[in-house]
Amino acid sequence: MKKFLAKLLAYGLLLFVLGNILAFGANYFLKKSTFYKPSFLVNAIDSNKKLDYIVLGSSRGLTTLDTNQIDDSLSTKGLNLSMDDTDLKTHLLMLQHFFKSGYTADYCVLTLDDQHFTLSSTSLGNNDYRFMPFGTQEYVHDHFSTYEIGIVRPLTWSNYLPLFGYSYYNLELFFPSINVALQPNKRNRFDDKGNYSYPNSIKEKRSDTILVKSEKHRITNRMVNELISLAQQNKCIPIIYIAPYQKKNLVITSLPDNAYLINHSNAIKTNGYFYDPIHVNKAGREITSSLFEDEFREIRKD
Amino acid sequence: MLFNSIEFALFLPLVFFLFWFVLKGNRKGQNILLLIASYIFYGWWDWRFLGLIVFSSLLDYVLGIQIHKEQLARKRKMYLLLSLLVNLGFLGFFKYFNFFTESFAEAFTLFGQSFEASRLNIILPVGISFYTFQTLSYTIDIYRKQLTPTKDALSFFSFVSFFPQLVAGPIERAAHLLPQFYVPRKFKYSVATSGVKLIIWGLFKKMVIADNAAVIVDGVFADYGGQSSVSLIVGMVFFAFQIYGDFSGYSDIAIGTARLFGFDLMTNFKFPYLSKNVSDFWKRWHISLSTWFRDYLYIPLGGSKQGEVAALRNIFIVFVVSGFWHGANWTFIIWGVIHGLLYVPLFIQTKFLKKEVSKARWRVFLNTLLTFTIVCFAWVFFRADSVNDAVNYIANIFGTTATGNFFMQSKKYLLISLIAIIGILILLFTEIIFERKKHIEIQLSPRYLVMISLLILFFGAFKNQASFIYFQF
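Residues numbered from 1 in each chain as written. Chains lettered and ligands numbered in written order. Predicted model: local features only at pLDDT ≥ 70, side-chain atom pairs only at ≥ 80, totals over all residues.

(A) How the structure looks around the overall build of chain B. The helix and strand inventory of chain B stands at 17 helices and zero strands. Its C-alpha atoms give chain B a radius of gyration of 23 Å, within 12% of the compact-globule value 23 Å for 473 residues. Oriented by its inertia axes, the alpha-carbon framework of chain B measures out at about 65 × 60 × 50 Å. Across the 473 residues in chain B, those meeting the buried criterion constitute 43%. Of the contacts formed within chain B by residues at least 6 apart in sequence, a portion of 74% connects residues at least 24 apart. (Helix = DSSP H or I, 4+ residues; strand = E, 2+ residues; numbered from the N terminus. Rg over C-alpha atoms; globule rule 2.2 N^0.38 Å. Buried ≥ 20, exposed ≤ 12 C-beta atoms within 10 Å, placed from the backbone. Contact = placed C-beta atoms within 7 Å.)

Next comes the structure, spelled out in C-alpha cells:
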C-alpha cells in the first residue's frame, strides 16, 4: 500500500508540476499578446497617451459604435473595450482593469442593454475567463472569487496555480495561447481600436415596415451606479448609451444622477440596417456611429 | 455521480481510505461500506429509485433461496417466472411502456382505426437495464443448478449495487463477482496500479475523444439536411468513436475502480474497431451483454443444436432483442436487425461451410476497414432520432447538394474536431500496438501514462462534459 500511495503521490506531483509549467507558459504568452481585450488594452495601447473616451458594453457595444469613424470625424482618440456575451459586472471589471493599468479617459460610454436596467446576474460571465492572465491582480481575483460558484472554481484557484484555469478553459485559453505564441499580434475578432461589425447580409427577408413597441424603463441597477461612481472617481464622465433595437423604443423615465444619456434605441428604422433584432450590421453601424458623433459633440461642448 | 465529475474525484479517495485504512481486515465492514457507498453513488442522481434496487435485490435474494430449496420442478419454475416477471416488468414499465402504447396506436392507424395512446411521463431509472440483467442471471443460474444461492444478504446486496459497474456495466455474473464479496481482501500493488492506469485510459477515451466528438456529432445530426457529404461522413465516423470512447471509457473506469478495492470485473471491450468482420466485432464489443444474450437467450432458444435454420433464426432473434435492449425506439431495433443481417452470412461461412478467413495482411487490413465502415453506417441508426432520419442521413451521404460543414463552421468547432482526431489517432495507434502483442488490455508505460494524463488535462472536455451515453439504457 505504501508503495502504491508513494507512486500515486509522485505521479500526481509530477503531473501537477508539468501541468503548471505548461499553464504558466500559456499564461505568459496570453498576457503578452493582444488576443483578448484585457491583454490588448495593456499591450497594444500606450498608457501615456490619454484617451478621449472608451466604450464599454456587450456585443451591442462592440458592434454598434465604430471608434475609428468617430475619431476621424471628431478628431478624438477612442477605444472600444466592449466584449461579447458580457454584462455589467464584466463591464465594471473592465473599467477597473482600465484604470488600474494606468489609463485615463475623459468619457466612459456605457452601452446598456435593456435586460440590465434593473438587475444583473450573480454568476460569472461567460467570457470573464479572458481576464485570467491578470488573475494575480487583486481586483480580478476578487471578481472571480465573488462570482464563481460551485465546488470547482478554476479561475479563483488560478490566482497562483494557472493549471486549473487553463485545463478547464482549454479551448478558450490554452489553445489560443499556442496561437499567440506564434502570432503575438493576433486579435480575437476586433480591429486595432477594439471594434467588430456584423456583415451586411440579411439572414432572412424582412418587410421594410418595422412594428416598434414602446416600453418605459427606469435604470435602477446598483451596478450602473458603481460604474458611474468608479468613472467619476477617476475623473471620467459617464455616458449611458442605448444602442438601436429593431423593434423597441425604450423610453427612459429615470436614470442615475451625474450621467449623460444617449438613447438610440429607436434611431434606426430600416430593417436592412440590422443583422438581427438586437445588433446593427456594418451599414447600420456607420449610421449609428454618425448619430452618436452628433450627440457626443454636444456633450463635449458642455 | 459521473465518473468524470469532481464529486466522484472526492468520493473515490474517501471510500478508498475508509475501505483500506479504517476497515482493513474487516470484510463485513468493507461490504457494508461498499453497499452504503453504492447507494450514495446511485442516489446522487435520483434517490427515489434506490427503492427499486433494494426491492429487486431483496426479491432475487429470497427467490434464489426458494428456487434452490424447492424440489418440485413446477414450483421452482414458478419462482423463476416470478423473478423474471417482476424484474422484466419493472424494466418494461419504465423503459418500454410509452413505446408499446404508441406503437400499438400507430399499428391501429394502419388499419384505418385510430385511438389516442396515453403517454405517461415516466423517468427512466439510470442503469435499470444493467442491474436487472445482473440480478436475472443470478436466479436463472440457480434455477439451472449452476449456482448455489448465497445466504449472505449483505454480500448479495453489495453485489447487485456494486457502484463501479452499477449503472453501465460490465454486466457481471453472480458466479464471477459474488464470491469476491465472501473472501477477505488483500491489497495488491500490481492490481491497484493497473486499476489506476485503466481509469486514466478510460478518462482519456471519455473526455478527450467522446466528449469532444459529441459536440460535432450533435451539430451534424441536428442539421443533417444542411450538411455536405464530407460533413455527414465526419459526423458518422465521429459518432462511432464517441460511442466507443464513451462506453468503453466507462467500462475501463469501472474495471479500474473495482481493482482499487481488490475486485475483478470482466473485460467488456477488446479493441472492437480492429475487428476483421461483424462476427469478430461482436466478440469484442460490449462482451458482457453479448455473452449474456448467448447464455440466457441464444442457448435457451436452442442455439445451433436444432439445425441450421433454427440457429440462424436464433441469431437473428438475439440481435433484434439486443437492439431493443438499448432503447425503446425503432432505430435501435433496426440497428440490431442490420447487425443480424450482416452476421448471418459470416455464421454460415464459419459454422457450416467451415471456411477459413484469409490471414494475408492486405486482406486483413481491407476486412478491418470494411467492417469499420459497415459498423459506422449501422451506428447512424443508433444515433438518429428516427428511422426516417437515419435513412435520409445515409442517403444524403451519397447524394446531397447541401454545402454545410458543421465541423468547420467556426474556429472553435475546427479546433474541437482536431482534438478529437488527435485523440482517435492516439487511441488507434495504441490499440494496434497492443493488438499485435495479443494483449486484451492497454498497459500504459510510465511515460505514456504521463503523456495521456497531460492530454486529459489540456485536451479534455471539462467545461462541456457530457453524461455517459449508456446511462440512458
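(B) Spatial organisation of the overall build of chain A. For chain A, the count of helices and strands is eleven helices and nine strands. Seen along its three principal axes, the alpha-carbon backbone of chain A occupies a region of about 75 × 45 × 35 Å. Intrachain contacts of chain A at a sequence separation of at least 6 include 75% that bridge at least 24 residues.

(C) Spotlight on the domain arrangement of chain B. Residue and element names in this part refer to chain B. Each domain of chain B was delimited in the assignment, giving domain 1 (6-187) and domain 2 (191-276 + 357-472). If you average the C-alpha positions of domain 1 and of domain 2, the two centres end up 28 Å apart. Each partner contributes residues to the interface: domain 1 has 17 residues there, and domain 2 has 18 residues. Top contributing element to the side of domain 1 that touches domain 2 by residue count: helix α1 (residues 6-22), with three residues. (Domains from an automatic or database assignment.)

(D) Local environment of the packing of helix α8 (residues 189-222) of chain B against helix α9 (residues 229-260) of chain B. Residue and element names in this part refer to chain B. Direction vectors running N to C along α8 and α9 enclose 155°, while the axes themselves pass 6 Å from each other. Between α8 and α9, the angle is such that the two are roughly antiparallel. Considering only the axes of α8 and α9, their crossing is left-handed. A per-class count over the contact of α8 with α9 returns 24 nonpolar, eleven polar and five charged. (Axes fitted to C-alpha atoms, helices over the stretch in contact; angles between N-to-C directions. Parallel < 35°, antiparallel > 145°, perpendicular 65-115°, else oblique. Left-handed = near helix turned anticlockwise from the far one by under 90°. Nonpolar A, V, L, I, M, F, W, Y, C, P; charged D, E, K, R; others polar.)

(E) How the structure looks around the interface of chain B and chain A. Taken together, the 18 residues of chain B in the interface contact 19 residues of chain A. For the side of chain B that touches chain A, the secondary-structure elements that each account for two or more residues are α1, α8, α16 (411-436) and α17 (446-459) of chain B. The class makeup of the residues in the side of chain B that touches chain A is 14 nonpolar, two polar and two charged.

(F) Representation of the confidence of the model for chain A within the structure. Averaged over chain A, the pLDDT score is 91; the fraction of residues at 70 or greater is 97%. When mean pLDDT is compared element by element in chain A, strand β1 (residues 51-56) of chain A scores highest at 96, while strand β4 (residues 213-218) of chain A scores lowest at 88. (pLDDT = per-residue confidence, 0-100.)

(G) Region of interest: helix α3 (residues 50-69) of chain B. With 20 residues, α3(B) extends 29 Å between its outermost C-alpha atoms, agreeing within 8% with the 28 Å of an ideal straight helix rising 1.5 Å per residue. Looking at α3(B), one finds that the buried residues are Ile53(B), Ser56(B), Ser57(B), Asp60(B), Tyr61(B), Leu63(B), Gly64(B) and Ile67(B). (Expected span 1.5 Å × (residues − 1).)

(H) Summary view of the nonpolar core. Ranked by internal contacts, the top residues of the largest apolar core, which has 191 residues, are Ile54(A), Cys108(A), Val109(A) and Ile216(B). Broken down by element, this core gets its largest block of residues, 18 residues, from α8(B). Built from parts of two domains, this core gets at least three residues from each of domain 1 (6-187) and domain 2 (191-276 + 357-472) of chain B. Not counting chain neighbours up to four residues away, the residues in contact with Ile216(B) comprise Val234(B), Gly235(B), Phe238(B), Phe406(B), Phe407(B), Tyr413(B), Ile416(B), Ser417(B) and Ala420(B). Among the nonpolar cores identified, the runner-up in size contains five residues, and Tyr273(A), Phe274(A), Tyr275(A) and Val280(A) belong to it. (Core = buried A, V, L, I, M, F, W, Y, C linked by C-beta atoms within 7 Å.)

(I) The packing of helix α11 (residues 287-298) of chain B against helix α12 (residues 308-326) of chain B, seen in detail. All names here are of chain B. Across the interface, α11 lies against α12 with an axial gap of 10 Å and an inter-helix angle of 130°. The pairing of α11 with α12 is recorded here as oblique in orientation. With respect to the hand of their crossing, α11 and α12 are arranged in right-handed fashion. From α11, Leu289, Phe293, Leu297 and Tyr298 reach across to α12, where they touch Asn314, Val318, Val321 and Ser322. Per-class residue counts for the contact of α11 with α12 are six nonpolar, two polar and no charged.

(J) Representation of the confidence of the model for chain B in the model. With 93% of its residues at a pLDDT of 70 or more, chain B has an overall mean of 90. Complex prediction metrics read pTM 0.89 and ipTM 0.85.

(K) Broad picture of the UniProt feature "transmembrane region" (unreviewed entry) in chain B. Residue and element names in this part refer to chain B. Those places that UniProt annotates as "transmembrane region" (unreviewed entry) correspond, in this numbering, to residues 6-23, 51-67, 79-100, 120-140, 332-352, 364-382, 413-434 and 446-462. A helix fraction of 100% and a strand fraction of 0% characterise residues 51-67, whose end C-alpha atoms lie 24 Å from each other. In this annotation, residues 413-434 is assigned 100% helix and 0% strand; the end-to-end C-alpha distance for the span is 31 Å. (UniProt positions renumbered as here; feature names shortened; annotations may be inferred.)

(L) Geometry of the sheet that holds strand β5 (residues 237-242) of chain A. Residues and elements named next belong to chain A. Read across the sheet, five strands follow the order β2-β1-β3-β5-β7 without closing on themselves; strand pairing throughout is parallel. Only two strands of the sheet have a single partner each, and these edge strands are β2 (78-80) and β7 (260-263). When the angles between neighbouring strand axes are averaged without regard to direction, this sheet yields 20°. Across the sheet, helix α5 (residues 88-100) touches β1 and β3 (105-111), and the angle it forms with β1 is around 155°. Helix-sheet contacts for helix α10 (residues 222-233) involve β3 and β5, and the interaxial angle to β5 is about 145°. (Pairing = 2+ DSSP bridges.)

(M) Looking closely at helix α2 (residues 27-46) of chain B. All names here are of chain B. Taking 1.5 Å of rise per residue, the 20 residues of α2 would be expected to cover 28 Å, and the 29 Å separating its terminal C-alpha atoms lies within 8% of that figure. All of the buried residues along α2 are Gln30, Asn31, Leu34, Leu35, Ala37, Ser38, Phe41 and Tyr42. The buried residues of α2 occupy an angular sector of 170° when the element is viewed end-on, so they sit on one face. Exposed and oriented more than 90 degrees from the buried face of α2 are Lys28 and Asp46. (Arc of directions from axis to C-beta.)

(N) Fine view of the environment of Phe241(B). All names here are of chain B. With respect to the helices, strands and loops of the structure, Phe241 is situated in helix α9. On the neighbour-count criterion, Phe241 (24 C-beta atoms within 10 Å) is buried. Separated by 144 residues in sequence, Phe241 and Asp385 have C-alpha atoms that sit 19 Å apart. The contact partners of Phe241, leaving out residues within four places of it in the chain, are Ile209, Ala213 and Ile424.

(O) Up close: unusual backbone geometry. All names here are of chain A. Positive phi, normally seen in glycine, also occurs at Asp85, with a value near 55°. One can find Asp85 in the loop between β2 and α5. Take Asp85: there are 12 C-beta atoms within 10 Å of it, and that puts it in the exposed class. Phi at Arg189 is positive, roughly 60°, even though this residue is not glycine. Inspection of the secondary structure puts Arg189 in the loop between α9 (170-182) and β4.

(P) Molecular detail of the pairing of β3(A). All names here are of chain A. Across the seven residues that make up β3, a large majority, six, are buried. Across five bridges, β1 lies against β3 in parallel orientation. When the sheet's bridge partners are listed, Ile54 is paired in β3 with Cys108. Bridging between β3 and β5 involves five bridges; their strand directions are parallel. Within β5, the position partnered with Val109 by the bridge is Ile239.

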